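These are the residues of each chain, in order.
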Amino acid sequence: MLLHVTHATRYDYAPPVETAQHLAHLKPMNTASQRLVSHALTISPTPALHEESPDVYGNARAFFALEATHDELVVTAESVVETAQPVLSPAAAPKLPWEEVRERFRYVKDSSYDPASEFVFPSRYVPRHDDFAAYARPSFAPGRPAFDAALDLTLRMYRDFEYDAESTEISTPAIEALAQRKGVCQDFAHIMIACLRTLGLPARYVSGYLLTQPPPGRPRLVGADASHAWVSLYLPGADGPGDWADFDPTNGRQPGEDYVTLAVGRDYSDVSPMRGVLHGGARHTLDVRVTVRPLEELKDEAARIAQALSQTQSQSQSQSQNKESS
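Rules behind the numbers
- Residues numbered from 1 in each chain as written.
- Predicted model: local features only at pLDDT ≥ 70, side-chain atom pairs only at ≥ 80, totals over all residues.
- Heavy atoms only, no water.
- Helix = DSSP H or I, 4+ residues; strand = E, 2+ residues; numbered from the N terminus.
- Buried < 20%, exposed > 50% of the residue type's maximum accessible area, 1.4 Å probe, protein only.
- Contact = heavy atoms within 4.5 Å.
- Areas by Shrake-Rupley, 256 points an atom, 1.4 Å probe, with all protein chains shown as cover.
- Lys, Arg positive; Asp, Glu negative; His and termini not counted.
- Charge placed at Lys NZ, Arg CZ, Asp CG, Glu CD.
- Pairing = 2+ DSSP bridges.
- Axes fitted to C-alpha atoms, helices over the stretch in contact; angles between N-to-C directions.
- Core = buried A, V, L, I, M, F, W, Y, C linked by side-chain atoms within 4.5 Å.
- Salt bridge = Lys/Arg side-chain N within 4 Å of Asp/Glu carboxyl O.
- Polar contact = N/O pair within 3.5 Å; in protein donor to acceptor, adjacent residues only side chain to side chain.

## Some thoughts on the overall build of the protein
(1) Moving on: Secondary structure assignment for the protein yields seven helices and 13 strands.
(2) Moving on: Overall, the protein is about 95 × 45 × 40 Å in size when its C-alpha atoms are taken along their principal axes.
(3) Moving on: Looking at the protein residue by residue over its 326 residues, the buried ones come to 45%.
(4) Moving on: At a minimum sequence separation of 6, the contacts of the protein that also span at least 24 residues come to 76%.
(5) Moving on: Just so you have it, the protein exposes about 16900 Å², and 51% of that area is on carbon and sulfur atoms.
(6) Moving on: Of the side chains in the protein, 30 bear a positive and 42 a negative charge, and the two mean positions are spaced by 3 Å.

## Thoughts on the sheet that holds strand E10 (residues 243-247)
(1) Moving on: A sheet is described by the order of its strands in space; here four strands give the open sequence E10-E9-E8-E11, paired in antiparallel fashion. Since the sheet does not close on itself, it has two edges, and those belong to E10 and strand E11 (259-265), each with one partner. In this sheet, adjacent strand axes meet at a mean angle of 35° when their direction is disregarded.
(2) Moving on: Where strand E8 (residues 203-210) meets E11, six bridges bridge the pair, whose relative direction is antiparallel. Bridging from a neighbouring strand, Tyr209 pairs with Val260 of E11.

## Some thoughts on unusual backbone geometry
(1) Moving on: Of note, the amide linkage connecting Ala14 to Pro15 takes the cis form, showing an omega dihedral of -5°.
(2) Moving on: Looking at the secondary structure, you find Pro15 in strand E1 (residues 2-24).
(3) Moving on: Along the chain, Ser44 connects to Pro45 via a cis peptide bond; the corresponding omega equals 5°.
(4) Moving on: Tracing the backbone shows Pro45 in the loop between strand E2 (34-44) and strand E3 (49-54).

## Looking at the nonpolar core
(1) Moving on: Phe140, Leu153, Met157, Ile191, Met192 and Leu196 are the most contacted members of the largest nonpolar core, which has 55 residues in total.
(2) Moving on: At nine residues, the largest contribution of residues to this core is made by helix H5 (residues 185-198).
(3) Moving on: Among residues more than four places away in sequence, those in contact with Ile191 are Phe132, Met157, Phe161, Ala174, Ala177 and Leu178.
(4) Moving on: With 24 residues, the next largest nonpolar core counts Val17, Leu66, Val81 and Tyr209 among its residues.

## Some points on the side chain of Asp55
(1) Moving on: Here Asp55 is to be found in the loop between E3 and strand E4 (60-66).
(2) Moving on: It is Arg61 that comes nearest to the buried, bridge-free Asp55 among opposite-charge side chains, at 5.5 Å.
(3) Moving on: In terms of polar contacts, Asp55 uses its side chain to reach the side chain of His25, at 3.3 Å.
(4) Moving on: Not counting chain neighbours up to four residues away, the residues in contact with Asp55 comprise His25 and Arg61.

## Side note on the pattern of salt bridges
(1) Moving on: Using the criterion set out here, one finds 12 salt bridges in the structure.
(2) Moving on: Residue Arg10 is joined to Glu72 by a salt bridge in which the shortest nitrogen-to-oxygen separation is 2.5 Å. Taken together, the residues span a long stretch of sequence, with Arg10 in strand E1 and Glu72 in strand E5 (residues 70-83) at a distance of 62 residues.
(3) Moving on: Judged by its relative accessible area of 32%, Arg10 falls in the partly exposed class.

## Overview of the pairing of E3
Each regular strand displays side chains that alternate between the two surfaces of the sheet.
(1) Moving on: As paired elements, E3 and E4 share six bridges and run antiparallel to each other. Residue Leu49 lies in a different strand from E4, and its bridge partner there is Ala65.
(2) Moving on: Adjacent in sequence and paired antiparallel, E3 and E4 are bridged by five residues, among which Gly58 carries a positive phi angle near 90°.

## Observations regarding the side chain of His22
(1) Moving on: The residue His22 is located in strand E1 in this model.
(2) Moving on: Apart from residues lying up to four places away in sequence, His22 is in contact with Tyr13, Ala62, Phe63, Phe64, Leu66, Leu73, Met274, Arg275, Gly276 and Leu278.

Okay, structure coming up:
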């Protein structure tokens, strides 16, 4: 699929901000199943400094600094991404029992290092807790393949948890969201990662977008979508490196070609779309609008606009000629 993604962020400050520095993760990744065709980041007011660099996980991050007083900030990222159905690398061994995967990541002196080891440890939003292990345990029967167990956990969370945008905030602890069985995609991703890591399995947080379908007969609403989050579990090879398998507990499925990967990290704090340090601006309001749609829709829309303009111009010329004749 060719997907067009618009992610618009607007801050209004009171009192105005004097200076600011921001870090943004708004540029989709290139992966085995995804190719970034184009990307543009527009910032208003124009920053005094704007540069891009990769972070430790391979994500593209944009840094920009504002040195003039401003009472609003508008950041718009527009991307075109070519996606395909993700396919697990042949190097991975999805049938390995989950206990064997866990043992691969136990510390042993002088053993070979696997970069996925970093994703076994607790992080800011993903603590270890016995309650996570207790919830995960029914899916992780002795000897069960790690892939099958993770997929079962995904489906159980989809059945057991209620999506409720009013029930949590980004600061809500994952253990609290687990207890109330409510939250949003970020909560569900953090809970599932905590379940996997508490069992000793390497898991990471994935931020991105999901193509949603409007109701039958209704047009797609611009700005009505939202950013999304899901989980990756590392599956080692039988005798060496493996691959990451993605799971979406919010929707009870594995991501497909209708997903766009933005960034990966230990949890949300590593990949938040926008964060910054401000001097001034004690209060602010935030408005985020995301639109994901097939590129064909934009072509159809452009054709309709061009046709409408052509008709308007023809009518204007006809009216002008009629006036001259009279």
